[in-house]
Amino acid sequence: MKPPTASQIKGVINGFAHNSASLVIPILQAIQEKFGYVPPESLKAISRHTGVGRNKIYGILTFYAQFTTIPRGKYIVKPCRGTACHVRGANNVINHIKSKLNIEDGQTTPDYKFSLETVACLGTCFLAPAMMVNQDYYGNLDEKRIDEALKECT
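Residues numbered from 1 in each chain as written. Predicted model: local features only at pLDDT ≥ 70, side-chain atom pairs only at ≥ 80, totals over all residues. Heavy atoms only, no water.

Colleague: Whenever I open this one, helix α7 (residues 143–151) confuses me. Can you help?
Modeller: Side chains of residues three or four places apart in an α-helix project in the same direction, reflecting 3.6 residues per turn. For α7, the complete set of buried residues consists of Ile146, Ala149 and Leu150. Down the axis of α7, the buried set is contained in an arc of 95 degrees. They therefore lie on one face. More than 90 degrees from the buried face of α7, the exposed residues found are Lys144 and Lys151. In this structure, the buried side of α7 is in contact with β1 (75–79), α6 (90–101), β2 (114–116), β3 (131–133) and β4 (136–138). The N-cap of α7, judged by a side-chain oxygen 3.2 Å from the amide nitrogen of lysine 144 a few residues on, is aspartate 142. (Buried < 20%, exposed > 50% of the residue type's maximum accessible area, 1.4 Å probe, protein only. Helix = DSSP H or I, 4+ residues; strand = E, 2+ residues; numbered from the N terminus. Arc of directions from axis to C-beta. Contact = heavy atoms within 4.5 Å. Polar contact = N/O pair within 3.5 Å; in protein donor to acceptor, adjacent residues only side chain to side chain.)

Colleague: Would you take a moment to explain the pattern of salt bridges for this structure?
Modeller: According to the stated counting rule, one finds four salt bridges in the structure shown. Glutamate 117 is the salt-bridge partner of arginine 72, the closest N and O atoms lying 2.9 Å from each other. Remark: glutamate 117 occurs in the loop between β2 and β3 and arginine 72 occurs in the loop between α4 (54–63) and β1; sequence separation between them is 45 residues. (Salt bridge = Lys/Arg side-chain N within 4 Å of Asp/Glu carboxyl O.)

Colleague: Even after reading the chapter, I still don't get the nonpolar core, so can you show me in this structure?
Modeller: Here is a general trend for soluble globular proteins: nonpolar side chains tend to be buried in one another's company. The biggest cluster of nonpolar side chains holds 18 residues, and the ones touching the most others in it are Ile13, Leu28, Ile31, Ile46 and Ile57. Excluding anything up to four places from it in sequence, isoleucine 13 contacts Ile27, Ile31, Ala45, Ile46 and His49. Core analysis: the next-biggest nonpolar cluster, separate from the first, contains 16 residues, Val77, Ile103, Phe114 and Ile146 among them. (Core = buried A, V, L, I, M, F, W, Y, C linked by side-chain atoms within 4.5 Å.)

Colleague: What exactly am I supposed to notice about the sheet that holds β3 here?
Modeller: Whenever strands of a sheet pair, they do so through backbone hydrogen bonds, lying parallel or antiparallel. A sheet is described by the order of its strands in space; here four strands give the open sequence β2-β1-β3-β4, paired in mixed fashion. The open sheet is flanked by β2 and β4, the only strands paired with a single partner. Within the sheet, the average angular offset between the axes of one strand and its neighbour, ignoring direction, is 20 degrees. Pairing of β1 with β2, which is carried by three bridges, proceeds in the parallel orientation. (Pairing = 2+ DSSP bridges. Axes fitted to C-alpha atoms, helices over the stretch in contact; angles between N-to-C directions.)

Colleague: In this structure, what is going on with a positive patch on the surface? I would like to understand it.
Modeller: A contiguous patch of positive charge, built from Lys10, Lys44, Arg48 and Arg54, is present on the exposed surface. Within the secondary structure layout, arginine 54 lies in helix α4. (Patch = residues over 30% accessible without salt bridge, like charges linked within 9 Å, V, L, I, M, F, W, Y side chains within 5 Å. Areas by Shrake-Rupley, 256 points an atom, 1.4 Å probe, with all protein chains shown as cover. Lys, Arg positive; Asp, Glu negative; His and termini not counted. Charge placed at Lys NZ, Arg CZ, Asp CG, Glu CD.)

Colleague: Just to check I follow, could you spell out the packing of α6 against α7 for this structure?
Modeller: How two helices pack is summed up by the angle between their axes together with the distance between the axes. Contact geometry of α6 with α7 gives a least axis separation of 10 Å together with a crossing angle of 45 degrees. Classified by the angle their axes make, α6 and α7 are oblique. Classified by chirality, the crossing of α7 by α6 is right-handed. Packed against α6, whose contacting residues are Val93, His96, Ile97, Lys100 and Leu101, the element α7 presents Glu143, Ile146, Asp147 and Leu150 at the interface. Across the contact of α6 with α7, the residue classes tally to five nonpolar, one polar and three charged. (Parallel < 35°, antiparallel > 145°, perpendicular 65-115°, else oblique. Left-handed = near helix turned anticlockwise from the far one by under 90°. Nonpolar A, V, L, I, M, F, W, Y, C, P; charged D, E, K, R; others polar.)

Colleague: Can you walk me through the confidence of the model for the chain in this structure?
Modeller: Interpretation of the predicted coordinates at a detailed level should be avoided for regions scoring low in pLDDT. Of the residues in the chain, 100% reach a pLDDT of 70 or more, and the chain-wide mean stands at 95. Taking the mean pLDDT of every element in the chain, the minimum, 94, falls on helix α1 (residues 6–13) and the maximum, 98, on α6. (pLDDT = per-residue confidence, 0-100.)

Colleague: I would appreciate a short explanation of the layout of surface pockets in the present structure.
Modeller: Once rolled over the atoms, a probe with the size of a water molecule shows which space is left empty. Approximately 480 Å³ is the volume found for the largest pocket. Along the wall of the largest pocket there are 17 residues; nearest its centre are Gln32, Arg72, Ile76, Lys78 and Gln135. When residues of the lining of the largest pocket are traced back to their parent elements, those giving at least two are α2 (24–35) and β1. Here the lining of the largest pocket is composed, by residue class, of four nonpolar, eight polar and five charged. (1 Å grid on protein atoms, 1.4 Å probe; cavity = no way out; pocket = protein on both sides within 12 Å on 5 of 7 lines; lining within 4 Å. Points joined across faces, edges and corners; volume = space filled by probe spheres on them.)

Structure follows, in structure tokens:
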């Protein structure tokens, strides 16, 4: 995956008003939405545009779990490790996904198609064991349902 160019980053930032510190988070969100992550190289451009120091922007970027500075896959697979899912087989679900994608928790496939991020709880205990793929929920998982869900991403 090639990192975005400076002009691509500026193209996103230029859609926001200048010299407004309150726009740092929306700009970070827009960059992440566009590129799938926030390239560290973008901090200088954001700083120039908003008037907020790079250190402060970096602090914001690393404080919120929603942001990442590492390229992730097109599809973010989030199996739940919560109590209800654990009791109903979350370990089997997680191990099957790891095996299927050939990656560990926190990793991305070499083709940047999938990233695996286990989560503490999805809040969907009635679906246990459950996972999300991007914004879609999948529940009552077994190996067949997992395979079907991942196949929908192809």
